[in-house]
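Overview (structure and organization)
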Amino acid sequence: MLENVDLGKLIIRLTLGGLMLFHGIAKLLNGIGFIEGELVSHGLPAVLAYGVFIGELLAPLMVMLGYHTRIGALLIIFNMLVAIALVHGHQLLSLGSNGGWALELQGFFLFTAIAVIFLGPGRYKLKN
């Protein structure tokens, strides 16, 4: 009764997508100026900042709905790698004030998206 792999996959997808979606909604409401500034400071065009909407709005919805789930997870992985490279790289080997890894949230998003690629969407999905 408690062994339901497809329900477990759905819970993982909803958690990953739902928590990432909050970040996308915040950027939609508050703007992406911070990301534009980070890109420019690294010699990249500011217009690339609009890609955050793909990684933090579209991709999470794809993962949550089970619509091309692996592609959505791959987009989240790319989003997190860019975020780590641009903003959090100096924290890779750091601990936070509570003793946990300073990048535990970013690590959660990154490694859970990798797991979703390997696990697949499960039975409860719109389209593989």
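The rules we used
- Per chain, residues are indexed from 1 in the order of the written sequence.
- Local features in this predicted model are restricted to residues whose pLDDT is 70 or higher, and side-chain atom pairs enter the listing and the counts only when it is 80 or higher, whereas totals over whole chains, interfaces and linings include all residues.
- Hydrogen atoms and water are omitted, and side-chain values are computed over all heavy atoms in the structure.
- Only runs of H or I of at least four residues qualify as helices and only runs of E of at least two qualify as strands under DSSP, and these elements are numbered from the N terminus.
- Whether two residues touch is decided by their heavy atoms; if any such pair falls within 4.5 Å, the residues are in contact.
- In this scheme Phe, Tyr and Trp rings, the latter by its six-membered ring, pair at centre separations within 6.5 Å, and the angle between planes marks the pair as stacked below 30 degrees, edge-to-face above 60, and tilted otherwise.
- The length a helix should cover is 1.5 Å for every residue beyond the first.
- The reported bend at a residue is simply the angle between two axes, fitted to the 7 residues ending at it and to the 7 residues beginning with it.
- Categorising residues by exposure relies on relative accessible area from a 1.4 Å probe, with only protein chains included: less than 20% of the type maximum marks a residue as buried, more than 50% marks it as exposed, and the intermediate range marks it as partly exposed.
- In what follows, salt bridge is the name for a side-chain nitrogen of Lys or Arg lying within 4 Å of a carboxyl oxygen of Asp or Glu.

1. Structural notes on the environment of leucine 95
As for its placement among the helices and strands, leucine 95 is situated in the loop between α4 (69–88) and α5 (104–119). For leucine 95 and lysine 9, which are 86 residues apart along the polypeptide, the C-alpha to C-alpha distance reads 30 Å. Residues contacting leucine 95, with those up to four places away along its chain left out, are Gly100, Trp101 and Ala102.

2. Considerations on the packing of aromatic side chains
Across all of its chains, the model carries two aromatic pairs by this definition. Ring plane angle 45° and centroid distance 6.3 Å describe the contact between tyrosine 50 and phenylalanine 53, whose orientation is recorded as tilted.

3. Some words on helix α3 (residues 52–65)
In this model, α3 (14 residues) spans 19 Å end to end at C-alpha, consistent with the 20 Å of a helix rising 1.5 Å per residue. Of all the bends in α3, the greatest reaches close to 30° and is centred on alanine 59; the proline proline 60 follows between one and four positions later. Every buried residue belonging to α3 is among Val52, Gly55, Glu56, Leu57, Ala59, Pro60, Met62 and Val63, and all of these are buried. Those residues of α3 hidden inside the fold are in contact with α1 (5–30), α2 (33–41) and α4. Following α3 by one or two positions, glycine 66 has its phi on the positive side, about 75°.

4. Brief notes about the pattern of salt bridges
The full count for this structure, using the stated rule, is two salt bridges. Measuring nitrogen to oxygen at the nearest pair gives 3.7 Å for the salt bridge that ties arginine 123 to aspartate 6. Remark: aspartate 6 occurs in helix α1 and arginine 123 occurs in the segment after α5; sequence separation between them is 117 residues. Since its relative accessible area comes to 58%, arginine 123 is described here as exposed. Under the relative-accessibility criterion, aspartate 6 is labelled buried at 17%. Of the charged contacts, one joins glutamate 56 and lysine 27 as a salt bridge, the two residues approaching to 2.9 Å between their closest N and O atoms. Here lysine 27 lies in helix α1 and glutamate 56 lies in helix α3, a separation of 29 residues in the sequence. Of the two residues, glutamate 56 and lysine 27, both sit in the buried class.

5. Describing α5
Spanning 16 residues, α5 covers 21 Å between terminal C-alpha atoms, matching the ideal 22 Å at 1.5 Å per step. In this fold, the buried residues of α5 make contact with α1 and α4. With its phi angle positive at about 80°, glycine 120 sits one or two positions after the end of α5.

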